[in-house]
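# Summary of the model geometry
One-letter residues, chain by chain:
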Amino acid sequence: MEIGGAGTGGDSYELPPLAAAAVRFARALEGNRERLAAEAGLTQTELRVLFQVALHSPTTPKEIADRIGVSTAAMTQLTRSLDQRGLVQRQTHPTDGRSILLELSERGHEHLRCMHRQFNGLLSRASAELGEDERAELVEVLDSMADRIRADLDTP
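Residues numbered from 1 in each chain as written. Predicted model: local features only at pLDDT ≥ 70, side-chain atom pairs only at ≥ 80, totals over all residues. Heavy atoms only, no water.

## Details of the environment of Thr95
Rules: Strands are runs of DSSP state E lasting at least two residues, helices are runs of H or I lasting at least four, and both sets are numbered from the N terminus onward.
When you line up the elements, Thr95 lands in the loop between strand S3 (88-92) and strand S4 (100-104). Here the alpha-carbon distance between Thr95 and Ile149, two residues 54 residues apart in the chain, equals 37 Å.

Okay, structure coming up:
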């Protein structure tokens, strides 16, 4: 699999099989995320915010902005949009009167439950030909690789 074709001086950007498979898998998952966002009428960034609120609730908009790398102004717009759609709830921060806390609304929880059902179904269909032992081994391998990649990313 080539990424971007040949470079200057005849360099090849062909990936070895494991890397190529990882890229294909990541792109397939990203395609699913794009589909889920579109079906929910959300942008990719709004969907990321929704997932972050679910994972870290209650949380401040600034904490989410820092996690996903958007400006405070952009986060204000994202929060407003998700609030207007009834997907998040805003509360006054108990110790900082200038800030708010975000939590999923019941509608937001329903959206995420539906998305998780769809995602679980997708993975079940994709792994239907694997036996239970093979699925368990795949989970172990993916977890181990993810842990090692995170450790590498955390190492300066």
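## Let's talk about the side chain of Gln52
What counts, and what does not: Note on contacts: a residue pair qualifies if any of its non-hydrogen atoms lie within 4.5 Å across the two residues.
The topology assignment puts Gln52 in helix H2 (residues 44-56). Look past the residues within four positions of Gln52 in its chain and what remains in contact with it is Ile64, Arg67 and Ile68.

## Brief notes about the pattern of salt bridges
What counts, and what does not: Just to be clear on terms, a salt bridge is a Lys or Arg side-chain nitrogen sitting within 4 Å of an Asp or Glu carboxyl oxygen. Residue burial is assigned from relative accessible area. The probe radius is 1.4 Å, only protein chains are included, and a residue is buried under 20% of its type maximum, exposed over 50%, and partly exposed in between.
Taken as a whole, this structure holds 8 salt bridges when the rule is applied. Across the pair Glu106 and Arg113 runs a salt bridge whose closest N-O atoms are separated by 2.7 Å. Residue Arg113 is classed as partly exposed on the basis of its relative accessible area, which comes to 40%.

## Concerning the packing of helix H1 (residues 17-40) against helix H5 (residues 106-126)
So the rule is basically this: To get an axis, a line is fitted to the C-alpha atoms, and for a helix only the part in contact is used. The angle between two axes follows their N-to-C directions and goes from 0 to 180 degrees. By definition, turning the near helix anticlockwise from the far helix through less than a right angle yields a left-handed crossing, and turning it clockwise yields a right-handed one. Three classes are used, and their members are as follows: Ala, Val, Leu, Ile, Met, Phe, Trp, Tyr, Cys and Pro are nonpolar, Asp, Glu, Lys and Arg are charged, and the others, Gly among them, are polar.
Between H1 and H5, whose axes approach to 11 Å, the crossing angle comes to 145°. Considering only the axes of H1 and H5, their crossing is right-handed. Taking contact as the criterion, the partners of Leu29, Asn32, Arg35, Leu36, Glu39 and Ala40 in H1 are, on H5, His111, Met115, Gln118, Phe119 and Leu122. When its residues are assigned to classes, the contact of H1 with H5 shows 6 nonpolar, 3 polar and 2 charged.

## Considering helix H3 (residues 61-68)
Put simply, the rule is: What the arc measures is the spread of directions leading from the helix axis to the C-beta atoms.
Restricting attention to buried positions, one finds in H3 the residues Pro61, Ile64, Ala65 and Ile68. Buried positions in H3, seen along its axis, are confined to an arc of 100° and lie on one side of it. Projecting away from the buried face of H3 at angles above 90 degrees are the exposed residues Lys62 and Asp66. On the buried face of H3, the contacting elements are H2, helix H4 (72-84) and S4. Taken from the residues just after H3, Gly69 is the one with a positive phi, measuring 75°.

## Side note on the environment of Asp83
Topologically, Asp83 is positioned in helix H4. As a C-alpha pair, Asp83 and Ser105 span 22 residues in sequence and 8.8 Å in three-dimensional space. In this view, Asp83 contacts Val88 and Arg90; residues no more than four positions away in its chain are not counted.

## With respect to the packing of H2 against H3
As a reminder, the rule being used: Here roughly perpendicular refers to angles of 65 to 115 degrees, roughly parallel to angles under 35, roughly antiparallel to angles over 145, and oblique to all remaining angles.
Two elements in contact, H2 and H3, have axes separated by 10 Å at closest approach and are oriented at 120°. Classified by the angle their axes make, H2 and H3 are oblique. The handedness of the crossing between H2 and H3 comes out as right-handed. In contact with Thr45, Arg48, Val49, Gln52, Val53 and His56 of H2, H3 contributes Ile64, Arg67 and Ile68. Its residues assigned to classes, the contact of H2 with H3 shows 4 nonpolar, 3 polar and 2 charged.

## Some points on the layout of surface pockets
The condition that has to hold: In this analysis, the protein atoms alone were mapped onto a 1 Å grid. Cavities are point sets where a 1.4 Å probe fits without being able to get out; pockets are open sets with protein on both sides within 12 Å along at least five of seven lines; lining residues have an atom within 4 Å of a point. Grid points are joined across faces, edges and corners, and a volume is the space filled by probe spheres set on the points.
For the largest pocket, the calculated volume is near 1400 Å³. Around the largest pocket, the lining comprises 31 residues; the ones closest to its centre are Phe25, Leu29, Phe119, Leu123 and Leu142. For the lining of the largest pocket, the elements supplying multiple residues, two or more each, are H1, H2, H5 and helix H6 (132-154). Along the lines of polarity and charge, the residues of the lining of the largest pocket split into 22 nonpolar, 4 polar and 5 charged.

## Looking at a nonpolar patch on the surface
What counts, and what does not: The patches described consist of residues with a relative accessible area above 30% and no salt bridge, like charges being joined within 9 Å and nonpolar side chains (Val, Leu, Ile, Met, Phe, Trp, Tyr) within 5 Å. Where accessible areas are quoted, they stem from the Shrake-Rupley method and a 1.4 Å probe; at the residue level, only the protein chains shown are allowed to cover.
Together, Leu18, Val141, Met145, Ile149 and Leu153 give the surface a local cluster of nonpolar side chains, amounting to about 490 Å² of exposed area. Looking at the nonpolar patch element by element, the count peaks at 4 residues for H6. Relative to the assigned elements, Leu18 resides in helix H1.

Interpretation in functional terms is not warranted from these geometric data alone.
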